[in-house]
Structure formats: structure tokens, C-alpha cells
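# Observations on the model geometry
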Amino acid sequence: ELARAQARRAEEEAGRAEAAAVEAEEALNQQLEVEAALRASEARFRAMADSSPLGIYITGPAGDCQYTNLAYQRISGLTQQAALGTGWSQAIHPEDRERVFGAWYDAAGRRQPFRSEHRFLQADGKVVWTRVNAAEILDEERLIGYVGLVEDISEHAADQTALRQSEERYRA
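The following refers to the structure shown.

About the thresholds
Residues numbered from 1 in each chain as written. Predicted model: local features only at pLDDT ≥ 70, side-chain atom pairs only at ≥ 80, totals over all residues. Heavy atoms only, no water. Helix = DSSP H or I, 4+ residues; strand = E, 2+ residues; numbered from the N terminus. Buried < 20%, exposed > 50% of the residue type's maximum accessible area, 1.4 Å probe, protein only. Contact = heavy atoms within 4.5 Å. Areas by Shrake-Rupley, 256 points an atom, 1.4 Å probe, with all protein chains shown as cover. Lys, Arg positive; Asp, Glu negative; His and termini not counted. Charge placed at Lys NZ, Arg CZ, Asp CG, Glu CD. Pairing = 2+ DSSP bridges. Axes fitted to C-alpha atoms, helices over the stretch in contact; angles between N-to-C directions. 1 Å grid on protein atoms, 1.4 Å probe; cavity = no way out; pocket = protein on both sides within 12 Å on 5 of 7 lines; lining within 4 Å. Points joined across faces, edges and corners; volume = space filled by probe spheres on them. Nonpolar A, V, L, I, M, F, W, Y, C, P; charged D, E, K, R; others polar. Salt bridge = Lys/Arg side-chain N within 4 Å of Asp/Glu carboxyl O.

Scanning the chain for helices and strands turns up five helices and five strands. From first element to last, N terminus to C terminus, the chain shows the α and β order α-β-β-α-α-α-β-β-β-α. Viewed in the frame of its principal axes, the chain has a C-alpha envelope of about 115 × 30 × 25 Å. Buried residues in the chain amount to 28% of all 172 residues. Long-range contacts, defined as pairs at least 24 residues apart, comprise 38% of the intrachain contacts of the chain with a sequence gap of at least 6. Carbon and sulfur atoms provide 53% of the accessible area of the chain, an area that totals close to 11600 Å². Side chains of the chain give 20 positive and 29 negative charges; the mean places of these two sets differ by 5 Å.

Structure, rendered in C-alpha cells:
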């Protein structure tokens, strides 16, 4: 009788151990599926961002840059590494830098959308006029950062300048 009870107990323990192993394997498989889905989502995002003609940047909740796409790098003249943190501000034209920097961190601190037209000054001296719009990225109600779009409006700015100059000559 004692031997049967011990055998039954051993079978129950083996069953529990087998169930735990199956549960652990299912959890591992589920984790692997989640990780694969995340990698696929990141790959889709990077492909989309890098094929966009608009500059894209992503920041953390405080507003410091964490990511830029290829178009942003082309427009700003900065590498992604150079743009990280507050490095992005070094590409802002010196006449616009203080205004843009202050307005950006003010908007981020108040969790407000950000809109600006300002110039980037590239290392080779090229000036690029831009229109920037940024908004919050939320996870449920929790702020996880901001995403910004940077549009090169240099042609439009040049057209506006030429029109203004033409009107001034006409009036003179």
C-alpha cells in the first residue's frame, strides 16, 4: 500500500513537472512570436521612414532626440549620431537657434504640439528652410515621446522672396 501511494505521488509529481514544462515551452514560444512581430514592426517602420521624403525624428518624453531618418539627416546635414540628445540644435541656423530650441522644449514641457518654420545651416553653408510639426506619442495615456516631421520648404521660401522682391521693384 505504501509503495502504491509513493508511486501515485511520483506520477502526480511527474505530471505536474510535465505540465510545467509544457507551460514554460508555450510561454517561450509566445515570447519568441512577440519578439519576431516586434522585429517585423521595426523593419516596416524603418523602411517607411527611410523612404519618406519628409525628415522624421523621434524623441523621448523630455524632448531629446532618439532617432532621425535619412531625409532628416539630408535636410539637417547631421548624422543620426550627431543629432541625438540636443545635438540637433547645432544644425539650426544661428539666427533661429535660440528661438527654436526654447520653443521646442517649452512645447515638450507643456505637452503641446510644436510647429515652426526655421532654417537649418549645413556645414557647407547651404541654408535649408523647413516647416516642422511634432506631436506626442502616447502609450494609452502615458507619454513616451514625440514624433516630428520636417519638410524642406526651401523652394517655397525662395519663391516667396522672389515675389516680394518683384513687388517691391514694381512699387518703386
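With that out of the way, let us pick up the sheet that holds strand β4 (residues 127-139). With antiparallel pairing, the five strands of this open sheet are ordered in space as β2-β1-β5-β4-β3. Both outer strands of the open sheet, β2 (65-68) and β3 (114-121), are each paired with one neighbouring strand and no more. Sheet twist, expressed as the mean angle between neighbouring strand axes with direction ignored, is 25°. When strand β1 (residues 55-59) meets β2, the two strands line up antiparallel, connected through three bridges. Pairing of T59 across the sheet is with C65, part of β2.

Once that is clear, we can look at empty space enclosed by the protein. In the structure shown here, the tally under the stated rule is one cavity of 30 Å³ or more. The wall of the largest cavity is formed by 14 residues, among which Y57, Y72, W88, W104 and V132 lie closest to the centre. Counting residues per element, the ones that place at least two in the lining of the largest cavity are β1, α4 (94-110) and β3. Per-element accounting of the lining of the largest cavity gives the leading share, three residues, to β3. Here the lining of the largest cavity is built from residues that sort into 11 nonpolar, three polar and no charged.

On to the pattern of salt bridges. Tallied over the full model, the rule gives eight salt bridges. Salt-bridge contacts for R119 lead to E95; the nearest nitrogen and oxygen are separated by 3.2 Å. Placement of the pair is R119 in strand β3 and E95 in helix α4, with a sequence separation of 24 residues. R110 is paired through a salt bridge with D106; the nearest N and O atoms lie 3.1 Å apart.

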